[in-house]
Amino acid sequence: MKVLITGGSGRLAEYVVRELEKDYELVLFSRSHPPEDRSHLTWIQGDLSSFQDCQRAVEGVQAIQHLGAVPYPVDHPQIRARSGQREIPTFDMTMRTNIMGTYYLMRAAVQAGVKVVVMAGSNCALGHGYRISDKPFPIHYLPIDEEHPSDVEDSYSYSKLVGEELLASFTRAYSIRTYVTRPAGICPPKRRQAMAENVQPATGWSEWLWAWVASEDVAWAHRAVMEKAQELPPHDVYFVNGADTTALEESHELLAQFRPDLLPLAGGLERHQSFISAEKARRSFGYQARYTWREYL
């Protein structure tokens, strides 16, 4: 089977390629030339924001691993203020790439007869990170799962949330099978080692909920969803996270110290258990976090 990987020059693509290349014919699609570790694969240079480029990329493809995206809200007031005199992307780049780019890719996929699309979304679809207002993210229960309400404020989080519904609309209209993962803080081995070397006791509540996931676990999940698509609902969304947090303290200790108001909402959190649940992914396609940064402590 021929599989297209968008964002083929990116960091997550390295691990998705490793997961898939022995069993599938892979094609990379990206603006910049892939690194040396992927130079042996077919590469199509192009931009998601070009429909013609997307059409070229999907030719002859049966499945898509959609990893390409702008990974932060370029129009966020704080991010633009911190940029100083450095050149930064145009304010609408996140929305154009993540929403219109995904739309163009899906239109091209339908035309080409692609059967399955697996997209790397984000736990940011909740809206708990990149807050703009002084209103904290409203947590209704812990651990958070896919049914938890969203409260997005920024363009990146919105683009990831609406991207999920965009794919669902193509499933409803064209019967193409579409799936979205919601990884949090994707960490390759070197970053996990650095986390262990630099970790300090928490000094305040983290709007990011200390959530993270190993790059290898995300890649495994993307393969599993693609291969088990016929056994899954035609469209679905899954959190894929590490089983633990990035904090030294246990999860109940973090709540007691920084958010005691949330203690009545926390059901069954044990030791360093993540505040975001990957239970749905476990039930649906056997996902299990295999790595922890604590092995480097």
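Heads up: the structure comes first, above all this text.
Residues numbered from 1 in each chain as written. Predicted model: local features only at pLDDT ≥ 70, side-chain atom pairs only at ≥ 80, totals over all residues. Heavy atoms only, no water.

A. Spatial organisation of the overall build of the protein chain. From N to C terminus, the protein chain includes 9 helices and 9 strands. At 19 Å, the protein chain has a C-alpha radius of gyration in line with the 19 Å of a compact globule built from 297 residues. Its C-alpha atoms put the protein chain at 55 × 45 × 40 Å along the principal axes. Burial statistics for the protein chain: of 297 residues in total, 53% are counted as buried. Carbon and sulfur atoms make up 50% of the accessible area of the protein chain, which amounts to about 13700 Å² in all. Separation between the mean location of the 31 positive side-chain charges and that of the 37 negative ones in the protein chain comes to 3 Å. (Helix = DSSP H or I, 4+ residues; strand = E, 2+ residues; numbered from the N terminus. Rg over C-alpha atoms; globule rule 2.2 N^0.38 Å. Buried < 20%, exposed > 50% of the residue type's maximum accessible area, 1.4 Å probe, protein only. Areas by Shrake-Rupley, 256 points an atom, 1.4 Å probe, with all protein chains shown as cover. Lys, Arg positive; Asp, Glu negative; His and termini not counted. Charge placed at Lys NZ, Arg CZ, Asp CG, Glu CD.)

B. Representation of the layout of surface pockets. Of the voids in this model, the second largest pocket is the one considered here, and its volume is about 310 Å³. Considering the residues around the second largest pocket, the lining is formed by 13 residues, among which Ala243, Ala278, Glu279, Arg282 and Ala289 are closest to the centre. Its residues assigned to classes, the lining of the second largest pocket shows 5 nonpolar, 6 polar and 2 charged. (1 Å grid on protein atoms, 1.4 Å probe; cavity = no way out; pocket = protein on both sides within 12 Å on 5 of 7 lines; lining within 4 Å. Points joined across faces, edges and corners; volume = space filled by probe spheres on them. Nonpolar A, V, L, I, M, F, W, Y, C, P; charged D, E, K, R; others polar.)

C. Seen up close, the pattern of salt bridges. Summed over all chains, the structure comprises 19 salt bridges. Salt-bridge contacts for Asp217 lead to Arg290; the nearest nitrogen and oxygen are separated by 2.9 Å. One end of the pair, Asp217, is in helix H7 (residues 215-227); the other, Arg290, is in the segment after helix H9 (279-285), with 73 residues separating them in the sequence. Exposure remark for Arg290: the relative accessible area of 44% places this residue in the partly exposed category. By sharing partners, the salt bridges in this structure join Arg131, Lys135, Asp151 and Glu153 into a single network. (Salt bridge = Lys/Arg side-chain N within 4 Å of Asp/Glu carboxyl O.)

D. Region of interest: empty space enclosed by the protein. Following the criterion strictly, the structure yields 1 cavity of 30 Å³ or more and no others. Of the pockets and cavities examined, the largest cavity occupies roughly 40 Å³. Lining the largest cavity, in full, are His66, Gly68, Ala69, Thr97, Asn98, Thr102, Met119, Ser159 and Lys160. Broken down by secondary-structure element, the contributors of at least two residues to the lining of the largest cavity are helix H4 (93-112) and helix H5 (155-174). Top contributing element to the lining of the largest cavity by residue count: H4, with 3 residues.

E. Molecular detail of the pairing of strand S2 (residues 25-30). Most of S2 is tucked away: 5 of the 6 residues are buried. Examined bridge by bridge, strand S1 (residues 2-6) and S2 share 5 bridges and lie parallel to one another. If you follow Leu4 over to S2, its bridge partner there is Val27. Regarding topology, helix H1 (residues 11-20) serves as the crossover connection from S1 to the parallel S2, and that connection is right-handed. Of the strand pairs in this sheet, S2 and strand S3 (residues 42-45) are connected by 4 bridges, and their pairing is parallel. Each bridged residue has a counterpart across the sheet, and for Phe29 the counterpart in S3 is Ile44. (Pairing = 2+ DSSP bridges. Right-handed = clockwise from strand over helix to strand, strands pointing away.)

F. Molecular detail of the state of the cysteines. Tallying each qualifying case throughout the model produces 0 disulfides. Just so you know, Cys124 is unpaired, no disulfide at all, and the nearest cysteine sulfur is the one on Cys187, 13 Å from it. (Disulfide = S-S within 2.5 Å.)

G. The packing of aromatic side chains, seen in detail. For the structure shown, the criterion picks out 11 aromatic pairs. Taking the centre distance of 6.2 Å and the plane angle of 45° together, the rings of Trp210 and Phe275 count as tilted. Remark: Phe275 occurs in the loop between helix H8 (251-258) and H9 and Trp210 occurs in the loop between helix H6 (189-198) and strand S8 (213-214); sequence separation between them is 65 residues. Overall, the relative accessible area of 10% leaves Trp210 in the buried class. A relative accessible area of 0% means that Phe275 is categorised as buried. Site record: aromatic cluster; members linked through ring pairs are Phe51, Tyr103, Tyr104, Phe170 and Tyr174. Geometry around Trp205 places Arg259 over its ring, the cationic atom sitting 5.6 Å from the centre. (Phe/Tyr/Trp six-rings, centres within 6.5 Å; stacked < 30°, edge-to-face > 60°. Lys NZ or Arg CZ within 6 Å of the ring centre and 35° of its normal.)

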